[in-house]
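# Residue-level structure breakdown
One letter stands for each residue in the lines below.
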Amino acid sequence: MTSRPARLLVAAALVLLLPGAAPSQAASTISSAPIPQLPCDSQSLPETGVQGRVPKSEVDSGRAAKGYRCNTVQVAHFLSTGGFQVHRYVDKAGHDCAIFDSTLLFPRDTATNATEGLGVFIMDMKDPAHPVHTATLSTPAMLSPHESLRINAKRGLIAADMGYPSTNPGFVDVYDMSKDCRKPVLDSSTPLGILGHESAFSPDGTVFYVSSTSGHTITAVDLTNPTLPSILWFSPMYAAHGMSVSDDGKRLYVADIGNPDTPGLTILDVSGIAAHQFNPTVPLVSHITWPEVSIPQNALPITIKGHPYIVEVDEYTSSTTNPDFSNPQNGLYNPAAHVGAARIIDIGNEKAPKVISNMRLAVNQPAARLSDQKNDPGAQSPVQGYAGHYCAVPQRTDPTIVACSFIVSGLRVFSIKDPFHPKEIAYFNGPIKPGVDIYHSGAFAMSAPAFVPARNEIWYTDGNSGFYVVRLTKGAFATAPVKAPVTSPPTKPVKTPVTAQPGGRLPATGLPTSLPWIALGLVAALAAWRKVRQSSA
């Protein structure tokens, strides 16, 4: 008899070309003004002007080389590169480890990472001021995890799929770090993710969800036995980017880039997957969008005083996937393009979610984007710039803060005690030096941060300067009144913003786009071969 994974792999090859179902939509009318800030304490080196900006003049003068910080201090710094995810895990023996991917884009960054190495880095954080590199994971998915690196603290598992800005063959690698997180042990490396880009772990660690985003696939991989994974469910219906699973495992919160539908948040009922049913029905619960939507990146479920919310963050701008070629003088940079940034969504009624507040910086506003800030290092890049990328919380229940990587603006920390009125309480942007090329110019803070609440520490990586341990100072918890951030007045009228249109694609800047489909064909052929072999056995 043909195995369940083989049957689903063959089915996947047949249904990838089928159109997906269109989710319903809803809109938000919440203010998109810059978020107010707490004052910086006396030891800070604050930004000198517009909230979130690193001016070209200060990069050229050397001021930016000192970095920018407000209510934070640097505890440690390691390496000179970093990727998209930072995690913390304390094993049964008490070893404290940091886990992070080291590369923004594989194989493009192979040359720049040659000295430090490629793959997922494991750090012993016994002394947070002096991290010690103890292992590098370099199996296929760990060499190019893109945004998919995840851990499951309950089972002590590390998992990633082989990801890429468009998509890649979905190898899924699983490691066990429960006994000694400093030296993870490989459990399995299989192509069962089908196509890769992003991922999510169920809270119990038995299901690993793989999304391919531009490939329009979500695959649920059963890790009940992590040494023998199998496929539970596959769908070609959603352009899923980042995903998170509810605490009971029954809801999948999807940052949906809207291909071909409207970008936003999609909620799926994955109760059947949580029950480990083979190929279950997965109903759509709801879908919501918002006026400033760009490219939805990730969606994090939290509760505040017992009420459920989602912290959602968008990446880049609407012109990244829908460039405006009508105005050649701007090239791919459109000052009026939507900058999605971050927001809080009320899901008390999960069938009718609603945005209740935004977390945006002054540099994200059209007026600022129209000013000379567009000449700042990295500002005009469609896959860098002044925009959001990843957010994370220290815990799901009453997290009080959310920390977000805002790319050129560095690490930003917001208080969400009052989800209707968040405020910026701290930021950290490491030393910024003149770049040597377009890929290494300005900050490149892209990672989802990790937390050590007992020490008020936040760990994150910058693609151009490495791994940082940052500590919040007392100023971040001050009761001083917040102030309106410094903003940039418009110098001339701003044209009507570009609306994010359906059909956008994440840019690919490396491997041939046909490679994943060739790989998928090989996987399907392998499944068919196994079927013939089993039939003749």
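Residues numbered from 1 in each chain as written. Predicted model: local features only at pLDDT ≥ 70, side-chain atom pairs only at ≥ 80, totals over all residues. Heavy atoms only, no water.

Helix and strand counts for the protein stand at seven helices and 31 strands. Across the 537 residues in the protein, those meeting the buried criterion constitute 60%. Residue pairs in contact within the protein that sit at least 24 positions apart in sequence constitute 62% of those at least 6 positions apart. (Helix = DSSP H or I, 4+ residues; strand = E, 2+ residues; numbered from the N terminus. Buried < 20%, exposed > 50% of the residue type's maximum accessible area, 1.4 Å probe, protein only. Contact = heavy atoms within 4.5 Å.)

Formed by 47 residues in total, the largest nonpolar core has its most connected members in M359, C391, V402 and F414. Of all the elements in the fold, those that place two or more residues in this core are β1 (68–70), β21 (295–304), β22 (307–315), β23 (342–346), β24 (354–359), β25 (386–392) and β26 (401–407). When near neighbours in sequence (up to four residues on either side) are disregarded, V402 contacts V311, M359, C391, A392, V393, R412, V413, F414 and I416. (Core = buried A, V, L, I, M, F, W, Y, C linked by side-chain atoms within 4.5 Å.)

According to the stated counting rule, one finds five cavities of 30 Å³ or more in the structure shown. When its volume is computed, the largest cavity comes out at roughly 90 Å³. Mapped by element, the contributors of at least two residues to the lining of the largest cavity are α5 (318–321) and β25. In terms of residue class, the lining of the largest cavity is made up of seven nonpolar, seven polar and one charged. (1 Å grid on protein atoms, 1.4 Å probe; cavity = no way out; pocket = protein on both sides within 12 Å on 5 of 7 lines; lining within 4 Å. Points joined across faces, edges and corners; volume = space filled by probe spheres on them. Nonpolar A, V, L, I, M, F, W, Y, C, P; charged D, E, K, R; others polar.)

Inspection of the entire model under this criterion finds eight aromatic pairs. Look at F428 and Y460: their rings are 6.3 Å apart centre to centre, the planes differ by 80°, and that puts the pair in the edge-to-face class. Taken together, the residues span a long stretch of sequence, with F428 in strand β28 (residues 423–429) and Y460 in strand β30 (residues 457–462) at a distance of 32 residues. Residues F428 and Y460 agree in their burial class; the two are buried. With a centroid separation of 6.3 Å and an interplanar angle of 75°, the aromatic rings of W459 and F467 are classed as edge-to-face. Exposure remark for F467: the relative accessible area of 1% places this residue in the buried category. (Phe/Tyr/Trp six-rings, centres within 6.5 Å; stacked < 30°, edge-to-face > 60°.)

What follows covers the layout of surface pockets. The calculated volume of the largest pocket comes to roughly 980 Å³. Along the wall of the largest pocket there are 34 residues; nearest its centre are H87, I151, V393, P394 and R396. Here the element with the most residues in the lining of the largest pocket is strand β3 (residues 86–90); it accounts for five residues. Here the residues of the lining of the largest pocket sort into 22 nonpolar, seven polar and five charged.

Let's shift gears to the sheet that holds strand β15 (residues 218–222). Taken in spatial order, the four strands of this open sheet run β13-β14-β15-β16, and their pairing is antiparallel. Every interior strand has two partners, whereas the edge strands, β13 (198–201) and β16 (230–235), have only one. Pairwise comparison of adjacent strand axes, ignoring direction, gives a mean angle of 20° for this sheet. (Pairing = 2+ DSSP bridges. Axes fitted to C-alpha atoms, helices over the stretch in contact; angles between N-to-C directions.)

You will see that L79, though not glycine, has its phi angle at about 65°, which is positive. With respect to the helices and strands, the residue L79 is situated in the loop between β2 (72–78) and β3. The phi dihedral of T400 is positive, around 65°, even though this residue is not glycine. The topology assignment puts T400 in the loop between β25 and β26.

Further remarks concern the environment of I218. Looking at where I218 falls in the secondary structure, it is placed in strand β15. Spatially, the C-alpha atom of I218 lies 5.3 Å from that of S235, the residues being 17 residues apart in sequence. Those residues within four positions of I218 in sequence are excluded, and the remaining contacts are Y209, V210, S211, W233, F234, S235, Y238, A240, M243, L252 and L268.

This brings us to the sheet that holds strand β29 (residues 450–452). Strand order in the open sheet made by the four strands is β2-β31-β30-β29, with antiparallel pairing throughout. At either end of the open sheet lies a strand with only one pairing partner, and these are β2 and β29. Each strand axis lies, on average, 25° off the axis of its neighbour in the sheet, ignoring direction. Bridge count between β2 and strand β31 (residues 466–472): six bridges; the pairing is antiparallel. Residue pairing for β31: F78 is matched across the bridge by F467.

We now examine the pairing of β24. Of all six residues in β24, five are buried; the element is thus mostly enclosed. Here β23 runs beside β24; their pairing, made up of five bridges, is antiparallel. The partner of A342 across the bridge, within β24, is M359.

Here the focus is the confidence of the model for the protein. Low pLDDT marks regions whose predicted coordinates should not be analysed in detail. Averaged over every residue, the pLDDT of the protein is 85; the share at 70 or more is 80%. Every residue in residues 1–28 scores below 50 in pLDDT, and together they form 62 contacts with partners more than four places removed in sequence or on other chains. Confidence drops under a pLDDT of 50 for residues 509–520, and excluding neighbours within four residues, the segment shows 18 contacts in the predicted structure. (pLDDT = per-residue confidence, 0-100.)

For D96, the position within the fold is in strand β4 (residues 96–101). Assessed through its relative accessible area of 10%, D96 is described here as buried. Here R88 takes part through its side chain, which lies 2.9 Å from a polar atom of the side chain of D96. Non-local contacts of D96, meaning those with residues more than four positions away in its chain, are made with R88, Y89, V90, M123, D124, M125, K126, C181, R455 and W459. (Polar contact = N/O pair within 3.5 Å; in protein donor to acceptor, adjacent residues only side chain to side chain.)

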